[in-house]
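Descriptive analysis of the structure
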Amino acid sequence: IKAQMVVMIDLYAFDVHALPKKVDTKIDGIRLAFHKHDIKNALQAARKIINLGYQLFFQPMVTKTYTDKEFLTLIEKVSQIDIYAFYIVDSFGSMSLSEFRHYIGLADANLNSDVGLGYHSHNNMQLAFSNAINFCNSQIDREVIIDSSIYGMGRGAGNLNTELIADYLNNKDHKKYNVLP
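Notes on the structure follow. Within every chain, residues take consecutive numbers counted from 1 along the sequence as written. Whole-chain, interface and lining totals are the exception, using all residues; otherwise, since this is a predicted model, local features are given only for residues with pLDDT of at least 70 and side-chain atom pairs are given and counted only at 80 or more. Think of the side-chain values as coming from all heavy atoms in the structure, minus any hydrogens and water.

**Digging into unusual backbone geometry**
- Despite not being glycine, Gln126 shows a phi value in the positive range, around 60°.
- Along the chain, Gln126 turns up in the loop between β5 (116–121) and α4 (128–137).
- Unlike most non-glycine residues, Tyr151 shows phi in positive territory, near 55°.
- Strands here are runs of E lasting at least two residues and helices are runs of H or I lasting at least four, both read from the DSSP assignment and numbered beginning at the N terminus. Residue placement: Tyr151 occurs in the loop between β6 (144–146) and α5 (162–173).

**Structural notes on the packing of aromatic side chains**
- We call Phe, Tyr and Trp rings a pair once their centres come within 6.5 Å, taking the six-membered ring for Trp, and we label the pair stacked below 30 degrees between planes, edge-to-face above 60, and tilted otherwise. Under the counting rule described, the total for this entry stands at 10 aromatic pairs.
- Where Phe71 meets Phe86, the ring centres are 5.7 Å apart and the plane angle is 65°; that geometry is what we call edge-to-face. Here Phe71, found in helix α2 (residues 68–78), pairs with Phe86, found in strand β4 (residues 85–90); they are 15 residues apart in sequence, far enough to count as distant. Across this residue pair, the class does not change: Phe71 and Phe86 are buried.
- Through successive ring pairs, a cluster of aromatic residues spans Phe34, Phe58, Tyr66, Phe71, Phe86 and Tyr103.
- Cation placement over rings: the criterion is NZ of Lys or CZ of Arg within 6 Å of the ring centroid and within 35° of the ring normal. Cation over ring: Lys36 sits above Tyr66, and NZ or CZ is 5.4 Å from the ring centre. For the exposure calls, accessible area comes from a 1.4 Å probe over protein chains only, and a residue counts as buried if that area is under 20% of its type's maximum, exposed if over 50%, partly exposed in between.

**Details of the packing of α2 against helix α3 (residues 97–110)**
- Fitting a line to C-alpha atoms yields each axis, with helices limited to the stretch in contact; the angle taken between N-to-C directions then spans 0 to 180 degrees. Following both chains from N to C, one finds α2 and α3 inclined at 35°, their axes separated by 10 Å at the closest point. α2 and α3 meet at a crossing whose hand is right-handed. Along the contact surface, α2 presents Asp68, Phe71, Leu72 and Ile75, while α3 presents His102, Tyr103, Leu106, Ala107 and Asn110. For any helix crossing, the convention is left-handed if the near helix is rotated counterclockwise from the far helix by under a right angle, and right-handed if that rotation is clockwise. We call two residues in contact whenever any of their non-hydrogen atoms come within 4.5 Å of each other.

So this is what it looks like as structure tokens:
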């Protein structure tokens, strides 16, 4: 697997018009994080990022605040642009397994088949690892992306621990991730 350089942009924390073209950087992709009330501006920023040549990882923060109708409308809108991946984002680390499965099911059933499906978790209620394991065991026929950080260090209560999910994948799928470093 070739490593990729992907950076995260919070919609209003960085002016996407200041982004150079992808060919002028070492960056392969951009994770665009935004809140529900900013969908229109997020879609405009997404188009700009894609036109500059980057892979776009579309990350609607606090996914569990979307009703089914709002979530499906968002998927319909994002299906009109060429995104690389669409994420389920558990911004407050409180998404139960049933809620997680529900959003994964909606996204998997309604996204274009060539769009990857990602999971970005926070770990306030220690649910990141169990949801990630469930995601790994799901029968999804598309690229699956799971965000994690070393020791779970991240904003707020932290994120999914890289060393835990890598060890799980080593044991489950006989991967060869070197966890000790």
